[in-house]
Amino acid sequence: MANKEEKFSNEDKIVSSTNGDVNVVQEESSPPEVVNNVSDKKENAENDGVTSTEVEEWMDILGSGQLKKKVIKEGKPDSRPQRADICQVKFEGRLENGKVVDKEDCLTINIGDGEVIQGLDFAIPLMDVEEEAELIVGPRFAFGQRGRLPDIPPDATLHYSVTLLSAEPEPDIAGYSIKERKRIGNRKKERGNWWYARQENTLAISCYRRALDFLDTDNCDKVEDSNKPTDEEIRDIIEDRLKVYNNLAAAQMKIKAYDVALQSVENVLMCQPKNVKALFRKGKILAEKGDAEQSCTVLRLALSIEPSAEIKKELDRQTKLQKKQTAQERNLYKKMLGTDSAKAQPDKTQRTNGLMWGALAGSVAAIVVGAAALRYKLM
């Protein structure tokens, strides 16, 4: 089970700052040293009149020089894995100085699920079962400009020796026991957390979605009677599923996918209406969508359940924004109804002028009537 979550941080094992761009990577500025050595060998061979195939042994998988593969030992023909296949791989990753920094003797992964660095995820589908290969992985498809301190420095090119031990199609998830679903689902969640901590939010989202596929109880009735889950097991897997939805929302917010992020937190709140983390994120999502009033309502509810300086700070910010929006709306209504001060002053002036002209007209009429009456008496 994952460690207890810290308040308002992202879920288990998310430790890094959440500021930054998605998929922070950096291109390598110069080709790997080993490729230069291969070119030298070719040139020397041509000078000696010998035909060399050394340079052709390296396959430039992406055409950018960032990921290259060379077969060391052929595997079984026509046995390459497909996406989502379950593979067992053995690999050893080294820095250019030969230091081993990434090693697994028998790692089980699903191809394309982001459970290894992208260079391995792209290269393994090009290997046959029992094949041994060498890979040169540039920083963009390894550990990028962040590296993995203290052992892998930023912008490091890695050299991998890889053996594909086995590859099998992924079984129907409905056939897994509840314990297996929980184990695999949480493994994928943890990998999503790893990508999220590295600010690789798109890869994190992919891992979280795959985790949700396994942390699902919809098909538990199809499991054999001997593997029927208990009520406690079902509650546990639902709890894990809600944690993944919360993490998924956080990653979706980072790429500004607010509509789907809102749906993710709503999935949590349907089961746990007082989940403070989901309420807090919903309040922030609503604010980003321009609904400061509803955001304040949600944040007040979260603050009443669990007082927090972070929630209060966000609530104060949204309250000020709401007041500003209310004032702007009031001014807009005044303009629409013609009751704003700019128009009120001319109307007052018009009324004053009307009264003056009315009084003058009355005076003139009185003089005319008086003159007529005097003339009548003199006749």
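Rules behind the numbers
Residues numbered from 1 in each chain as written. Predicted model: local features only at pLDDT ≥ 70, side-chain atom pairs only at ≥ 80, totals over all residues. Heavy atoms only, no water. UniProt positions renumbered as here; feature names shortened; annotations may be inferred. Helix = DSSP H or I, 4+ residues; strand = E, 2+ residues; numbered from the N terminus. Buried < 20%, exposed > 50% of the residue type's maximum accessible area, 1.4 Å probe, protein only. Contact = heavy atoms within 4.5 Å. Areas by Shrake-Rupley, 256 points an atom, 1.4 Å probe, with all protein chains shown as cover. Expected span 1.5 Å × (residues − 1). Lys, Arg positive; Asp, Glu negative; His and termini not counted. Salt bridge = Lys/Arg side-chain N within 4 Å of Asp/Glu carboxyl O. Polar contact = N/O pair within 3.5 Å; in protein donor to acceptor, adjacent residues only side chain to side chain. Pairing = 2+ DSSP bridges. Patch = residues over 30% accessible without salt bridge, like charges linked within 9 Å, V, L, I, M, F, W, Y side chains within 5 Å. Axes fitted to C-alpha atoms, helices over the stretch in contact; angles between N-to-C directions. Parallel < 35°, antiparallel > 145°, perpendicular 65-115°, else oblique. Nonpolar A, V, L, I, M, F, W, Y, C, P; charged D, E, K, R; others polar. Phe/Tyr/Trp six-rings, centres within 6.5 Å; stacked < 30°, edge-to-face > 60°. Core = buried A, V, L, I, M, F, W, Y, C linked by side-chain atoms within 4.5 Å.

Looking at an unreviewed UniProt entry, the protein carries the name peptidylprolyl isomerase, with the source organism given as Laodelphax striatellus. A UniProt comment under Catalytic activity (unreviewed entry) is attached to the protein, and it reads "[protein]-peptidylproline (omega=180) = [protein]-peptidylproline (omega=0)".

J.: So what's going on with the overall build of the protein? Residues and values would help.
T.: The helix and strand tally for the protein stands at 10 helices and six strands. Taken over 379 residues, the protein has a buried fraction of 41%. Sequence separation of 24 or more characterises 66% of the internal contacts of the protein that already satisfy a separation of 6 or more. As displayed, the protein offers around 21800 Å² of accessible surface, 51% of which is attributable to carbon and sulfur atoms.

J.: Run through the environment of Q263, naming residues and quoting values.
T.: Residue position: Q263 is located in helix α6 (residues 258–271). The class for Q263 is partly exposed, based on a relative accessible area of 45%. Distance in space between the C-alpha atoms of Q263 and Y245 is 9.2 Å, their sequence separation being 18 residues.

J.: Lay out helix α5 (residues 231–254) with the relevant residues and their values.
T.: The terminal C-alpha atoms of α5 lie 35 Å apart, and with 24 residues this matches the ideal 34 Å at 1.5 Å per residue to within 8%. In the stretch just after α5, K256 is the one whose phi turns positive, near 65°.

J.: Pulling in residues and values, what's your account of the side chain of D102?
T.: Position of D102 among the secondary structure elements: in strand β4 (residues 100–110). The buried charged residue D102 lacks any salt bridge partner; its closest oppositely charged side chain belongs to R148, at an N-O distance of 4.0 Å. Within the local environment of D102, its side chain forms a polar contact with the side chain of Y160, the two groups lying 2.7 Å apart. In this view, D102 contacts F91, E92, G93, F143, R148 and Y160; residues no more than four positions away in its chain are not counted.

J.: Describe the pairing of strand β3 (residues 86–94), listing the residues and the values that go with them.
T.: One ladder, built from eight bridges, connects β3 with β4; its direction is antiparallel. Counterpart to V89 in the pairing with β4 is L107. What sits between β3 and β4 in their antiparallel hairpin is a turn of five residues, with G98 showing a positive phi close to 95°. Relative to strand β6 (residues 158–168), β3 runs antiparallel, the two being bridged by nine bridges. Bridge assignment links K90 to a residue of β6, and that residue is T163.

J.: Account for the sheet that holds β6, with residues named and values stated.
T.: Taken in spatial order, the six strands make up an open sheet running β1-β2-β5-β6-β3-β4, and their pairing is antiparallel. Among the strands making up the open sheet, the edge pair consists of β1 (59–60) and β4.

J.: Explain a nonpolar patch on the surface to me, using residue names and the numbers behind them.
T.: A grouping of L332, Y333, M336 and L337 is seen on the molecular surface, where their side chains present a nonpolar patch of about 500 Å² in accessible area. Here L332 lies in helix α9 (residues 309–337).

J.: Mind laying out the packing of helix α3 (residues 178–197) against helix α4 (residues 201–214), listing which residues take part and the relevant values?
T.: Orientation of α3 relative to α4, taken along the N-to-C sense of each, is 170°, at an axis distance of 8 Å. By the angle between their directions, the pair α3 and α4 is classed as roughly antiparallel. On the side of α3, the interface is formed by R181, I184, G185, K188, K189, R191, G192, N193, W195 and Y196, while α4 contributes N201, L203, A204, C207, Y208, R210, A211 and F214. Residues of the contact of α3 with α4, tallied by class, amount to nine nonpolar, four polar and five charged.

J.: Tell me about the packing of aromatic side chains, residues and numbers included.
T.: One pass over the structure, following the stated rule, counts five aromatic pairs. Judged by centre distance (5.9 Å) and plane angle (65°), the ring pair of F91 and Y160 falls under edge-to-face. Note that F91 is positioned in strand β3 and Y160 in strand β6, a separation of 69 residues in sequence. With respect to burial, F91 and Y160 carry one shared label: buried. When the ring of F122 is compared with that of F141, the centres are 5.8 Å apart and the planes differ by 65°; the resulting orientation is edge-to-face.

J.: So, α9: which residues are in play, and what are the values?
T.: Taking 1.5 Å per residue as the helical rise, α9 with its 29 residues ought to reach 42 Å, and the 42 Å between its terminal C-alpha atoms agrees with that figure. Packing partners of the buried residues in α9 comprise α7 (276–288) and α8 (292–305). Near the N-terminus of α9, the side chain that reaches the backbone nitrogen of E310, with its oxygen 3.2 Å away, is that of S308. Backbone geometry just downstream of α9 places G338 in the positive-phi region, at approximately 70°.

J.: Could you give me a rundown of the nonpolar core, with the residues and numbers involved?
T.: Membership of the largest hydrophobic core comes to 37 residues, with the highest contact counts inside it found for Y196, Y208, V244, L248, V265 and I285. Listing elements by their share of this core, those giving two or more residues are α3, α4, α5, α6, α7, α8 and α9. Residue contributions to this core peak at eight residues, all from α5. Counting residues in each nonpolar core, the second largest holds 28 residues, with A123, A142, A156 and A167 among its members.

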